[in-house]
Amino acid sequence: MTMDLSNINETIKLLQELIKIPSINGTDGEYKLAKYIKIFLDKHKIMSKYIGQKNKPNVLFELKGTEGDGRILLLNTHLDTVPVQEGWKYSPFKGVLKG
């Protein structure tokens, strides 16, 4: 199953939803973010699984291409963020669009 994020509005909405989950290191936010991602993938019938620590999981999944046996792209990231500091013009957990 493939995921179609070619609709810019759907892509922006997904990114805003991810940003709204405070995944500050040392809180349960990393778990909440991983859970959101897992539910999103399940909804789109994309096989996935949790890996790593129970309270700080990562989500592992694979999206297969539609043509041949081409090159493989690996995306590797982390879910935690640093604590929020003073001085933000907009809330760091709102996903505000400007311009």
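Residues numbered from 1 in each chain as written. Predicted model: local features only at pLDDT ≥ 70, side-chain atom pairs only at ≥ 80, totals over all residues. Heavy atoms only, no water.

Colleague: Mind showing me how you'd approach the overall build of the protein chain here?
Modeller: Helix and strand counts for the protein chain come out as two helices and two strands. Along its sequence from the N terminus, the protein chain presents helices and strands in the succession α-α-β-β. Along the first, second and third principal axes, the C-alpha atoms of the protein chain reach 50 × 40 × 25 Å. Out of the 99 residues in the protein chain, the part that is buried amounts to 20%. Residue pairs at least 24 apart in sequence account for 44% of intrachain contacts in the protein chain once pairs closer than 6 positions are excluded. Of the roughly 8400 Å² that the protein chain leaves accessible, carbon and sulfur atoms contribute 56%. Taken together, the 15 basic and 11 acidic charged side chains of the protein chain have centroids lying 5 Å from each other. (Helix = DSSP H or I, 4+ residues; strand = E, 2+ residues; numbered from the N terminus. Buried < 20%, exposed > 50% of the residue type's maximum accessible area, 1.4 Å probe, protein only. Contact = heavy atoms within 4.5 Å. Areas by Shrake-Rupley, 256 points an atom, 1.4 Å probe, with all protein chains shown as cover. Lys, Arg positive; Asp, Glu negative; His and termini not counted. Charge placed at Lys NZ, Arg CZ, Asp CG, Glu CD.)

Colleague: Help me understand helix α1 (residues 8-19), please; the structure alone is not making it clear to me.
Modeller: Note on helix geometry: an α-helix contains 3.6 residues per turn, so any two residues three or four positions apart are oriented the same way. Under the 1.5 Å per step criterion, the end-to-end length of α1 is 16 Å for twelve residues, consistent within 8% with the ideal 16 Å. Measuring from the side-chain oxygen of the N-cap residue of α1 to the backbone nitrogen of Asn 9 gives 2.9 Å; that N-cap residue is Asn 7. (Expected span 1.5 Å × (residues − 1). Polar contact = N/O pair within 3.5 Å; in protein donor to acceptor, adjacent residues only side chain to side chain.)

Colleague: Sorry if this is basic, but what is going on with the environment of Tyr 31 here?
Modeller: Structurally, Tyr 31 can be placed in helix α2 (residues 29-43). Considering only alpha carbons, one finds Tyr 31 and Lys 56, 25 residues apart in sequence, at a separation of 5.5 Å. Beyond its immediate stretch of four places on either side in the chain, Tyr 31 contacts Lys 54, Asn 55 and Pro 57.

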